[in-house]
Each structure stands twice: as structure tokens, then as C-alpha cells.
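Listed below are the residues making up each chain.
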Amino acid sequence: MTTDADKLDSVVAAIAAEMTARSERGTVADYIPELARVDANSFGLVVVGADGHVAAAGDTDVPFSVQSVSKVFTLTLALGLVGDRLWQRVGREPSGSPFNSIVQLERERGIPRNPFINAGAIAVTDVILSGHKPREALGEIVRFMRFLADDSSIVIDDAVAASEQRTGFRNIALANYMKSFGVLENPVNYTLGVYFHHCAIAMTCRQLAMAGRFLAHDGKNPTTGLSVVSPERARRINAVMLTCGHYDGSGEFAYRVGLPGKSGVGGGIMAIAPGKASIAVWSPGLDTQGNPLVGQIALEILTKCMGWSIFAA
Ligand code: GLU
């Protein structure tokens, strides 16, 4: 008899084989020079089910730069610190603009559209930083991710952080612009330092899928039963991931994949099948919106095979 776990294992293995063989793989991000060194042929997929079963195939244990996927965890931390007051500093509407756009900020007086575009994530980082030294805030973020993934080996890739710090002129502009509207409380270089470093956290697909479990299970770690956030908060973070997690490609991701998900320019996507699974996929080549090309295709096939779209009965 085939169990659900067997089916998941074979679906994940088949997807990895197909995705690894694909020739069209998108373009590796090179605006952060250190990211351009990554092998575009890499591919990993890990699915952690509600029963703790792990289905994994491909480059599942190779650390990669999580970049914007870290914004899900900083959003969770900031909501824990200031609750719904966070929404006075940042909106929760899809932006329909590129991830590093500045035009919208001018029209909306420095309040970023949502916590996942760069400006919004910088504002969220500023909330976490307030009352702390940058090193303490960063320590808090890394410890939180280690706790969620149940893995103390997660670290920051200092070369990636330094690379973005040297070349992140657009983010520096966004942060200064927000500061001019009084949206940031801390010195701009402190907030940016923490932001660049949390984006530079390196994780494997396995670690990332483990870290996302609480979002798939009403805010709880399904294995230990420990609560991370309330069910309501988990539901709301998933909602923002669905509507804003892929920048101006969020509508397309919802249409094709049908799950809350967050992408990063390091090629990772964390996706959540509520009640069913936490998923991490890694493919470094990006599409024109800056979202992982092959990873999105892999998730589309996975949700179709498993019937996991949140829009399906
Ligand atoms: N650190 C990157 C930046 O700020 C994150 C972008 C992304 O992953 O989408 O540009």
C-alpha cells in the first residue's frame, strides 16, 4: 500500500530530477556581487509534513543566502515586539512595484506598502533594532531562526553581508528617504547594517523548511507542540506572504502555486501549505521579477500533484 509519505517522497524526487535537468534556469542575482558566484544549476527541495515526515531531494543540505526569505522571520519578531502597532510603520498591501522601488515611497510619505518589499523590511528591521545595539538585534534574529529550525549551526555569511554593504546603494537611498519622513528611529547605517546581515543568513532547504513549520500549523511547532505565535498571527503572516511575498510577481505565484510563499534573490522560496506542510525550494536563477524561476515551477508541480493549493476544495 502506498502511504501519503511514499507519495510525497516520489513526487519530490520526480520534481527534483525534472528541475535539475531543465536548461532554462533564469539569471543568478549579480547586483550583490557575492551572490553571482553561486552555481545556477543547483536545485533543492524539502517538504516537512504535519507528521514530521521529511521528503527531500537535490541539493538539500547546501547552505544558500536566504536574503528576503528572512523578512518573514523579522516580521514575526517585530509583531511579537510591538503587535499591531507595527502596521502604523508599514502597510500590508501588495505593491505591484519592483522589490526595490522608490517611487511609491514618495507618494505614500515614506510608509512602505508592505513588510516584504525592501523599504518595508528595512522599516521592520528598525523596529527590532530600537532599544538595542545592532549586534544584539542581529543575535536575536539569528537565535530565533535557529530555534525555529531546531538547528544551532545557522550562521550569517559575512562575505555576502559585506558585499551588499559595499554595493547596496539602492537600499541606502530607500532607508535615507524613509528617515527623512521620520519612519526610521535609529541611525540609518545601524538599521541597514542589521538588514544586510539578516538577509545574509545562510540556510539549507532542510533548515528553512523546518523553520517554516509554525506557519503551517497554527503558530505551533507540530513536533514539540510549542507555540511560537498565536493561530491568528500565523494566519495573518501567511496572508501577507500570499499577497506580497513575491513582489510584483505575487499574483502570478498565487495563480500558479496557490500557497503563501516568500522568495529571496539568493534563489530560495519558503512556501506554506496550511495544515499540511512547510516547504523550501532553492534554485539560484531568477526570473525578470527577481523571483526564483525553477523553484516556482517546482512548487507549481508539487501543489498540483499533492492537491495543496489553498484555493482547492
Ligand atoms: N538583500 C536583498 C536586497 O535588499 C534582498 C532582496 C530579495 O531577496 O528579494 O536587495
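Scroll up to find the structure.
Residues numbered from 1 in each chain as written. Predicted model: local features only at pLDDT ≥ 70, side-chain atom pairs only at ≥ 80, totals over all residues. Heavy atoms only, no water.

**Quick look at the sheet that holds strand S3 (residues 54-58)**
Operational definition: If DSSP finds at least two bridges between two strands, the strands pair. Helix and strand definitions follow DSSP, with helices as H or I runs of at least four residues and strands as E runs of at least two, each counted in order from the N terminus. Axis lines are fitted through C-alpha atoms, for helices just across the contact stretch, and the angle between N-to-C directions can take any value from 0 to 180 degrees.
Here five strands make up an open sheet; going across it, the order is S3-S2-S9-S8-S7 and the pairing antiparallel. This sheet does not close on itself; its edge strands, each paired only once, are S3 and strand S7 (261-263). Strand-to-strand, the axes of this sheet are offset by a mean angle of 10°, without reference to chain direction.

**Topic: empty space enclosed by the protein**
Counted only if it meets this: Only protein atoms enter the 1 Å grid, on which a cavity is a set of points fitting a 1.4 Å probe that cannot get out and a pocket is an open set with protein on both sides within 12 Å along at least 5 of 7 lines, lining residues being those with an atom within 4 Å of a point. Grid points are joined across faces, edges and corners, and a volume is the space filled by probe spheres set on the points. Any residue that is not Ala, Val, Leu, Ile, Met, Phe, Trp, Tyr, Cys, Pro, Asp, Glu, Lys or Arg is counted as polar, Gly included; the first ten are nonpolar and the last four charged.
With the rule as written, the count across this model stands at two cavities of 30 Å³ or more. Roughly 80 Å³ of internal volume is contained in the largest cavity. Within the lining of the largest cavity, the residues separate by chemical class into seven nonpolar, three polar and two charged. Estimates place the volume of the second largest cavity at around 60 Å³. If you go around the second largest cavity, the residues you meet are Tyr31, Ile32, Gln67, Ser68, Phe99, Asn118, Glu164, Asn171, Tyr195, Cys199, Tyr247 and Val265. Looking at the lining of the second largest cavity, its residues break down into seven nonpolar, four polar and one charged.

**Some points on the side chain of serine 250**
Our working rule: Identification of polar contacts relies on pairs of N or O atoms within 3.5 Å, with a donor-acceptor requirement for protein atoms, meaning one able to donate a hydrogen and the other able to accept it, and with residues adjacent in sequence counted only if both atoms are side-chain atoms. Residues count as neighbours in contact if any of their non-hydrogen atoms are within 4.5 Å of one another.
Assignment of secondary structure puts serine 250 in helix H12 (residues 250-256). At 2.9 Å, the side chain of serine 250 and the backbone nitrogen of histidine 246 are in polar contact. At 2.7 Å, the side chain of serine 250 and the backbone oxygen of tyrosine 247 are in polar contact. Each residue touching serine 250, except ones within four places of it in the same chain, is listed here: Leu242, Thr243, Cys244 and Gly245.

**Comments concerning the sheet that holds strand S4 (residues 64-65)**
Where strands meet in a sheet, backbone hydrogen bonds hold them as pairs that are either parallel or antiparallel. Strand order in the open sheet formed by three strands is S4-S6-S5, with antiparallel pairing between adjacent strands. Two strands bound the open sheet, and with one partner strand each, they are S4 and strand S5 (155-156). As paired elements, S4 and strand S6 (residues 201-203) share two bridges and run antiparallel to each other. If you follow phenylalanine 64 over to S6, its bridge partner there is methionine 203. Helix-sheet contacts for helix H5 (residues 134-149) involve S5 and S6, and the interaxial angle to S6 is about 10°.

**Comments concerning the packing of helix H6 (residues 158-167) against helix H8 (residues 188-199)**
Formally: Roughly parallel means an angle under 35 degrees; roughly antiparallel, over 145; roughly perpendicular, 65 to 115; everything else is oblique. Crossings are sorted by hand: turned counterclockwise from the far helix by less than a right angle, the near helix makes the crossing left-handed, and turned clockwise it makes it right-handed.
The N-to-C vectors of H6 and H8 enclose an angle of 135°; their axes lie 8 Å apart at closest approach. Put simply, H6 runs oblique to H8. Seen along the crossing, H6 lies across H8 with a hand that is right-handed. On the side of H6, the interface is formed by Asp158, Ala161, Glu164 and Gln165, while H8 contributes Gly193, Tyr195, Phe196, His197 and Cys199.

**Here we look at the site of the ligand**
Basically, it comes down to this: One heavy atom within 4 Å of a molecule or strand is enough for the residue carrying it to be called near that molecule or strand. For accessible areas, the Shrake-Rupley method is used with a probe of radius 1.4 Å. Any residue's cover is judged against the shown protein chains and nothing else. For a cavity or pocket, the test is whether more than half of a molecule's atoms lie within 2 Å of its grid points; if they do, the molecule sits there.
Residues in close proximity to the ligand include Tyr31, Gln67, Ser68, Phe99, Asn118, Glu164, Asn171, Tyr195, Cys199, Tyr247, Gly264 and Val265, which together make up its full environment. Calculation on the ligand without its partners gives an accessible area of 300 Å², and the protein chains cover 99% of this total. When atom positions are compared with the pocket grids, the ligand is found to occupy the second largest cavity.

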